[in-house]
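Secondary and tertiary structure notes
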Amino acid sequence: TIKLLGTAERSTALSVYVSACIVPSSHVLASIGSNGNGVAVKSANMGQCCYMGPGAGRFATANSVVADICRMAHEAPSPAFPKPSTIATAIDHDFVHYFYVRIPCAAQIAQSGNTTGVIAKVEEIARSHGISVATVSKDHPGNVCLTTASECSYSQIRQLCAAFQSESYCVGDCVFLPVLGAQ
């Protein structure tokens, strides 16, 4: 399942991002319907907790719109952003995750089905970028798909995709998504 996720994680700095992510069907967030929202919180003390509720759809949206109109009618607008934090926080924009990468291949490779050389080259390029590969395979339209075997940084994946895109077999922009909960 692909879900739009906002993620925040703290190691030495705060790493935050919003991205479409691949969510395994075994993860609790995969069960949330198209009109729902969910928050999964993982902590050392509590393990993983999940909170779910309505997030979109006519009733949830109508409720929010009516509440905003009532608030404006009573001249009690709330600020768009609450008061700013006084705590200095270092933000790390180069988040670390497992990734899925799809490489669009030339039509002659897709038609011939001869992807063995391309797959070997993809693995070689990934290794040269310090990325360990869990799987490399060809999907139906002729794209080559790769999943990482270990976590790597967003900047590493962008550099890897640029390397793939400079190859003669690649005919477009690579697509990559973080994979939630991969191990």
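Everything below is about the structure printed above this text.
These remarks concern the structure in this document. (Residues numbered from 1 in each chain as written. Predicted model: local features only at pLDDT ≥ 70, side-chain atom pairs only at ≥ 80, totals over all residues. Heavy atoms only, no water.)

1. Some words on the side chain of S15
Rules: Helix and strand assignments follow DSSP, with helices taken as H or I runs no shorter than four residues and strands as E runs no shorter than two, numbered in order from the N terminus. By the convention used here, residues are in contact when the closest approach between their heavy atoms is within 4.5 Å.
Take S15: it is sitting in strand β2 (residues 14-22). Excluding its chain neighbours within four sequence positions, the residues that come into contact with S15 are T7, A8, E9, D92 and F95.

2. With respect to the packing of aromatic side chains
Both the distance between ring centres and the angle between the ring planes are used here to describe each pair of aromatic rings. In plain terms, the rule: Any two of the Phe, Tyr and Trp rings considered here, Trp counted by its six-membered ring, make a pair once their centres fall within 6.5 Å; the pair's planes then place it as stacked at under 30 degrees, edge-to-face at over 60, or tilted in between.
Enumeration according to the criterion identifies five aromatic pairs in this entry. Between Y17 and F95, the ring centres sit 3.7 Å apart and the planes meet at 15°, which makes this aromatic pair stacked. Residue Y17 is found in strand β2, and its partner F95 is found in the loop between β5 (91-92) and β6 (96-103); the two are separated by 78 residues along the sequence. Centroid distance F99 to F176: 6.1 Å. Interplanar angle 65°. Geometry classified as edge-to-face.

3. A few points about a nonpolar patch on the surface
Our working rule: Patches in this entry comprise residues that are over 30% relatively accessible and not in a salt bridge; like charges within 9 Å are linked, as are nonpolar side chains (Val, Leu, Ile, Met, Phe, Trp, Tyr) within 5 Å. To be clear on the numbers: accessible area is Shrake-Rupley with a 1.4 Å probe, and residue cover counts the displayed protein chains and nothing else. Salt bridges, as used here, are contacts in which a Lys or Arg side-chain nitrogen is within 4 Å of a carboxyl oxygen on Asp or Glu.
Together, V39, V41, M46 and Y51 give the surface a local cluster of nonpolar side chains, amounting to about 390 Å² of exposed area. Residue position: V41 is located in strand β3 (residues 36-43).

4. Let's talk about the pairing of strand β7 (residues 133-138)
The test is simple: If DSSP finds at least two bridges between two strands, the strands pair.
Two strands pair when backbone bridges link them, and β7 and strand β8 (residues 144-148) are joined in this way by five bridges, in the antiparallel orientation. Along β8, the bridge assignment pairs S137 with C145. Turn length for the β7-β8 hairpin, with the two strands adjacent in sequence and antiparallel, is five residues, and the turn residue G142 shows positive phi of about 105°.

5. Things to note about helix α4 (residues 154-165)
Which entries qualify depends on this criterion: An expected span of 1.5 Å times one less than the residue number is assigned to each helix. The buried label applies to any residue whose accessible area, calculated with a 1.4 Å probe on protein chains only, is under 20% of its type's maximum; exposed applies above 50%, and partly exposed to all values in between. The reported arc concerns the directions from the helix axis to the C-beta atoms and nothing else.
Over its 12 residues, α4 extends 17 Å from the first C-alpha to the last, a length consistent with the 16 Å expected when each residue adds 1.5 Å. Within α4 the residues assigned to the buried category are I157, L160, C161, A163 and F164. For α4, the angular spread of the buried residues around the axis is 155°, confining them to a single face. Summarising the contacts, the buried residues of α4 are in contact with β6, α3 (116-128), β8, β9 (152-153) and β10 (175-179).

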